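Read off the chains here:
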Amino acid sequence: MENTSTYHLQADELDALFAHLEEQYLVYAPVRIPSGGRYAQTDSVLYRPVHRYEDIEYRERSTYPMKEVLTPITQTLFYFTEDQYQESKPPAKDLLIFGRACDINAIRIQDQIYLLNGGVEDPFYKRVRDRAKFVLMECAQQFEGCFCCSVGANVTDMHAMAFSFGERDAQIEVSDEAFRDYFSQAKPSDYSIRFPEENELKVNYPVIDRMDMANRLKDHPMWREFDDRCIACGSCTVACSTCTCFESTDIVYTQNAHIGERRRTCSSCMVGGFDQMAGGQCFRNKTSEKYRYKILHKVYGHDARFHTGPMCVGCGRCSARCPELISYPATLNKLSRAIEEIQPEEVAHHA
Ligand code: SF4
Ligand code: SF4
């Protein structure tokens, strides 16, 4: 990257750097939560404020993605009384968020939904997003189920700094001028930050560029197995770096239903009631229909609106969180095969 400088810092210098950064920034990064995992005696890795370099868990993929910081699973948007409302507090400082290339690329997709969709900006997202900068975490090793290279999410330039982690040291590449002064006393280095170039898991990511193909795929028998396999729990979407769906609920504090707060809570196209309309009408009743919708939205629907390719960064969290061991990459490969089946049929039909 042009106009970058790299520095090599030891543990004590890193502690001083973090103390210095905290004067202006709330620093968020993946942190190990002992016994916080899904099963007994397993840990989770969640985004939390960090105060020291050693707080950061860089050896594992975080259980939930970076969107935890920008759009928490539950957040209060505003408080209301009978005739007034008051917005909830914005962050007290600017945000500095550590993430991998896939995580940072996922924020571009979050931005499309919250800031560019239909010409309306979401003010509660914008007030946080405008104050956020990102720090790239170099992937020293890959994790089970990563396929960032298959969706072009392995490289980013949307970061202010990049860290290559060592046990008691770090190589730090600085690309944002605003951070240059933090390193005025640091030892320069000729280290170059590396991006993943190849994943063990390779996915033949389907390309659907016309609605009639999407409509033909809706009727394909490949979806039927998910009526038995998928339990519609929504874990895959909650853990997804790029899913954004939420619901709003007014919580009232007292018997006076005019005093309370409005909360935004993460939701999922996979759970019952998500697409229920006034009058009780629901268009996707079977689990296979919900799963099909999710997949076709990621592969086709999002791209049809924004023309920026897959609504997926290949982070692998959806498959890692699925209690039924349903593999999203395997579904994508099946979808690619279904497209290959349909195309020759169409050619024969038009011949
Ligand atoms: S669909 Fe799966 S692999 Fe793609 S961004 Fe979401 S969680 Fe990651
Ligand atoms: S996590 Fe697995 S079982 Fe749950 S909704 Fe997603 S695909 Fe279905």
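Just so we're clear, the structure is a prediction, and the values are computed from it rather than from any experiment.

Some thoughts on the site of ligand 1
Every residue lining ligand 1 is accounted for by F147, C240, S241, T242, K298, C312, V313, G314, C315, G316, C318 and Y328. For the shell around ligand 1, the residue count by class is seven nonpolar, four polar and one charged.

Looking at the site of ligand 2
C230, C233, G234, C236 and C322 are the nearest of the 13 residues found near ligand 2. Per-class residue counts for the shell around ligand 2 are ten nonpolar, two polar and one charged.

Focus: the nonpolar core
I208, L217, W223, Y328 and L335 are the most contacted members of the largest nonpolar core, which has 38 residues in total. Of all the secondary structure elements, the ones that give two or more residues to this core are α3 (101-115), α5 (211-218), α8 (287-306) and α10 (328-350). A per-element tally of this core places α10 first, with six residues. When residues are assigned to domains, this core turns out to be shared by domain 1 (5-70 + 89-188) and domain 2 (211-241 + 275-350), each giving three or more. Not counting the four nearest positions on each side in its chain, Y328 is found in contact with F147, Y205, Y291, I295, K298, C312, C318 and S319.

Looking at empty space enclosed by the protein
Tallied over the full model, the rule gives five cavities of 30 Å³ or more. One number sums up the size of the largest cavity: a volume of about 160 Å³. Taken together, 18 residues line the largest cavity, and the ones lying closest to its centre are K67, T71, P72, I73 and C266. Counting residues per element, the ones that place at least two in the lining of the largest cavity are α2 (67-70), α3 and β12 (260-266). Top element by residues in the lining of the largest cavity is β12. It accounts for three residues.

Re the sheet that holds strand β9 (residues 169-174)
Spatial strand order, β3-β2-β6-β7-β8-β9-β1-β10: eight strands in an open sheet with mixed pairing. In this open sheet, the two strands that pair with only one neighbour each are β3 (44-49) and β10 (187-188). Summarising the sheet, strand β2 (residues 25-33) and strand β6 (residues 94-99) pair through four bridges and their orientation is parallel. Counterpart to L26 in the pairing with β6 is L95. Across the face of the sheet, α3 comes into contact with β3, β6 and β7 (132-137) while running at roughly 150 degrees to β7.

A word on the pairing of strand β1 (residues 5-10)
Judged from the six bridges that link them, β1 and β9 form a sheet pairing that is antiparallel. By the bridge assignment for β9, Y7 is matched with I172. The pairing of β1 with β10 spans two bridges and is classified as antiparallel. Bridge pairing in β10 links Y7 to P188.

A word on the domain arrangement of the protein chain
The domain architecture assigned to the protein chain consists of domain 1 (5-70 + 89-188) and domain 2 (211-241 + 275-350). On a C-alpha basis, the centres of domain 1 and domain 2 stand 30 Å from each other. At the interface, 23 residues of domain 1 touch 25 residues of domain 2. Interface area, domain 1 with domain 2, both sides summed: about 2,000 Å², of which 56% is carbon and sulfur. When residues of domain 1 are sorted by the area they lose upon contact with domain 2, R38, Q112 and F147 head the list and together hold 29% of the total. Between the two partners, domain 1 and domain 2, sit 14 residue pairs in polar contact (both at pLDDT 80 or more). Among the elements that line the side of domain 1 that touches domain 2, the one with the most residues is α3, at eight residues.

Digging into the layout of surface pockets
In this structure, the largest pocket spans a volume of roughly 680 Å³. Looking at the largest pocket, it is lined by 28 residues, and the ones nearest its centre are R61, R317, S319, A320 and R321. Contributions of two or more residues to the lining of the largest pocket are made by β3 and α9 (317-321). Among the elements that line the lining of the largest pocket, the one with the most residues is α9, at four residues.

Points about α3
Helix length check: α3, at 15 residues, gives a terminal C-alpha distance of 21 Å against a target of 21 Å (1.5 Å per residue), a fit within 8%. Within α3, 13 of the 15 residues are buried, which leaves it mostly tucked inside the rest of the structure.

Some points on the packing of α5 against α8
The contact between α5 and α8 brings their axes to 11 Å, and the two run at 160 degrees. On the basis of their axis angle, the class for α5 and α8 is roughly antiparallel. The crossing of α5 and α8 is right-handed. Of the residues in α8, those in contact with M211, A214 and K218 of α5 are R292, L296 and Y300. Looking at the contact of α5 with α8 residue by residue, the class counts come to four nonpolar, no polar and two charged.

Rules used throughout
Residues numbered from 1 in each chain as written. Chains lettered and ligands numbered in written order. Predicted model: local features only at pLDDT ≥ 70, side-chain atom pairs only at ≥ 80, totals over all residues. Heavy atoms only, no water. Near = heavy atom within 4 Å. Nonpolar A, V, L, I, M, F, W, Y, C, P; charged D, E, K, R; others polar. Core = buried A, V, L, I, M, F, W, Y, C linked by side-chain atoms within 4.5 Å. Buried < 20%, exposed > 50% of the residue type's maximum accessible area, 1.4 Å probe, protein only. Helix = DSSP H or I, 4+ residues; strand = E, 2+ residues; numbered from the N terminus. Domains from an automatic or database assignment. Contact = heavy atoms within 4.5 Å. 1 Å grid on protein atoms, 1.4 Å probe; cavity = no way out; pocket = protein on both sides within 12 Å on 5 of 7 lines; lining within 4 Å. Points joined across faces, edges and corners; volume = space filled by probe spheres on them. Pairing = 2+ DSSP bridges. Axes fitted to C-alpha atoms, helices over the stretch in contact; angles between N-to-C directions. Buried area = accessible area lost by both parts, 1.4 Å probe. Polar contact = N/O pair within 3.5 Å; in protein donor to acceptor, adjacent residues only side chain to side chain. Expected span 1.5 Å × (residues − 1). Parallel < 35°, antiparallel > 145°, perpendicular 65-115°, else oblique. Left-handed = near helix turned anticlockwise from the far one by under 90°.

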